[in-house]
Amino acid sequence: MPKAFITGITGQDGQHLAEFLHSKGYQVFGMLKGQNNPRAIQFRDEFPYVELVPGDLADLPSLVSALDQVQPDEVYNLGAISFVAISFNQAELTSNITGLGVLRMLEAVRMVGGTQNNPIRFYQASSSEMFGQVREIPQNELTPFHPRSPYGCAKVFGHNITVNYRESYGIYACSGILFNHEGPRRGLEFVTRKITNTAARIKLGIDKELVMGNLDAKRDWGYAGDYVRAMWLMLQQDQPDDYVVATGETHSIEEFLTLAFEEAGLGDWRNFVRQDPKFFRPAEVDLLIGDPTKAQKKLGWTREVDFAGLVKMMVRHDLESEASRAKR
Ligand code: GDR
C-alpha cells in the first residue's frame, strides 16, 4: 500500500486529495499543527481513514520526525497561509510559512530520503499568484513571475527552491502552478464561496446584503476536485517537472455574481451587493488565464467541471447546508 503524507490536510485541497488518494488505495497521513487544533475534531469525523501526525511548517525537527515516522512514498506540500488579503498584514508570517516552509519540507525530504529504489517524491503547491501583474496572456510554465502580494512573493520562493532542490540534489520534486480552484469546501473568506454562501443566506432570509471589494478582477476558476488529480499525476511520471493547471478560460467577478444570484433564484445581483474599500487590496492581480496544454499533453489531465457547473454546484450546496443549519 503506497503511503502519502499531506500538509494542509484540513484545507480544501487536503480534503479532496485525501479522498482521492484513499480511493486509489493509498494509506493517507495528514500533518496537523498546534495543540488542540479546532479543525481536528470535525476532520477526524469526516476522514476517519486519515492518520494525523503532529508537525509544523515553521519547525524543521517536527517535519523530519513526521517523515521519519511515516516513511511516505509521496509528500504533498499543500500547507500555507493561503489568503492573499491577509498576507499584506502578516507578511513576515506568510513568508515564513508559505515560503520558508517549503524549504524546510524539502530539507526534511532530503534528510529522510526514502529508500534508494524508492526515494520520496515531492509535490509543491505553487500558485498562479506568482504571475501577478501578468507579462503575457495566457500564462504558461515559462511566463516570468511578477508577484503582487507577500503571498505571491512567498510562493515564488517556494517554486524556485523546489526547482533548485530538484536540480541540486536530484530530488523528484514537482511544482504544480495551480490557478484558482474552488468548490463547496472552499473557505468562506475566498471570493467564490463568499458569494455563493451569502447568496444562499440572502435567499433564506438570514442575510440582507453582500459586501465586496474589487469587482473588476478576472480569474481562471476551476473545480478543486479536478485539480488534485493533476497533483497526483505529476508524481507518477518518469521525470519530475513543473506544470500549469488551469481551465484556459477567464471570468470576471461580475460574471460569477450573475450566475450565482440567478442560480439562487435572486435575480439581479446589483440589488444585493455593496462595495467597501476594506475589501480592496493594496495591489491587485487584475487578470489571470492559464494555458494547461502541457498538463493535458504530458499528464493526460483534463477537467470535468466547467465554470457554470462550478457555480451551480457551490450555490446548490450552500442553499442546502445553510437551510439545514437554520433548522438546527
Ligand atoms: P485569490 O482568491 O486572491 O485569487 O487567491 P480570492 O478568492 O481571495 O480573490 C479573488 C479576487 O476577488 C477579489 N475580491 C474579493 N476577494 C475576497 N476574498 N473577498 C472579497 O470580498 C472580494 N471582493 C473582490 C480579490 O480582490 C481578487 O481579485 C486564491 C487563493 O486560494 C490563493 O491561495 C491561490 O494561490 C490562488 O487563488 C490561485
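Residues numbered from 1 in each chain as written. Predicted model: local features only at pLDDT ≥ 70, side-chain atom pairs only at ≥ 80, totals over all residues. Heavy atoms only, no water.

(A) Quick look at the site of the ligand. Close contacts around the ligand come from 24 residues, with Ser82, Ser127, Tyr151, Lys194 and Glu284 the closest. Take arginine 186: an N or O atom from its side chain is 2.8 Å from an oxygen atom of the ligand. Arginine 219 places a polar side-chain atom, nitrogen or oxygen, 2.8 Å from an oxygen atom of the ligand. Alone, the ligand offers 710 Å² of accessible surface; in the complex the protein occludes 96% of this. Across the shell around the ligand, the residue classes break down as 11 nonpolar, 6 polar and 7 charged. Mapped onto the domain boundaries, the shell around the ligand takes at least three residues apiece from domain 1 (3–181 + 222–245) and domain 2 (186–219 + 250–288 + 304–327). (Near = heavy atom within 4 Å. Polar contact = N/O pair within 3.5 Å; in protein donor to acceptor, adjacent residues only side chain to side chain. Areas by Shrake-Rupley, 256 points an atom, 1.4 Å probe, with all protein chains shown as cover. Nonpolar A, V, L, I, M, F, W, Y, C, P; charged D, E, K, R; others polar. Domains from an automatic or database assignment.)

(B) Fine view of the pairing of strand 5 (residues 121–127). In terms of burial, strand 5 is a largely internal element, 6 of the 7 residues being buried. Note: strand 5 against strand 6 (residues 172–178), 7 bridges, orientation parallel. Bridge pairing in strand 6 places serine 126 opposite isoleucine 177. Viewed along the sheet, the connection from strand 5 through helix 6 (residues 150–169) into strand 6 turns out right-handed. (Buried < 20%, exposed > 50% of the residue type's maximum accessible area, 1.4 Å probe, protein only. Helix = DSSP H or I, 4+ residues; strand = E, 2+ residues; numbered from the N terminus. Pairing = 2+ DSSP bridges. Right-handed = clockwise from strand over helix to strand, strands pointing away.)

By themselves, these observations are geometric and do not establish any function.
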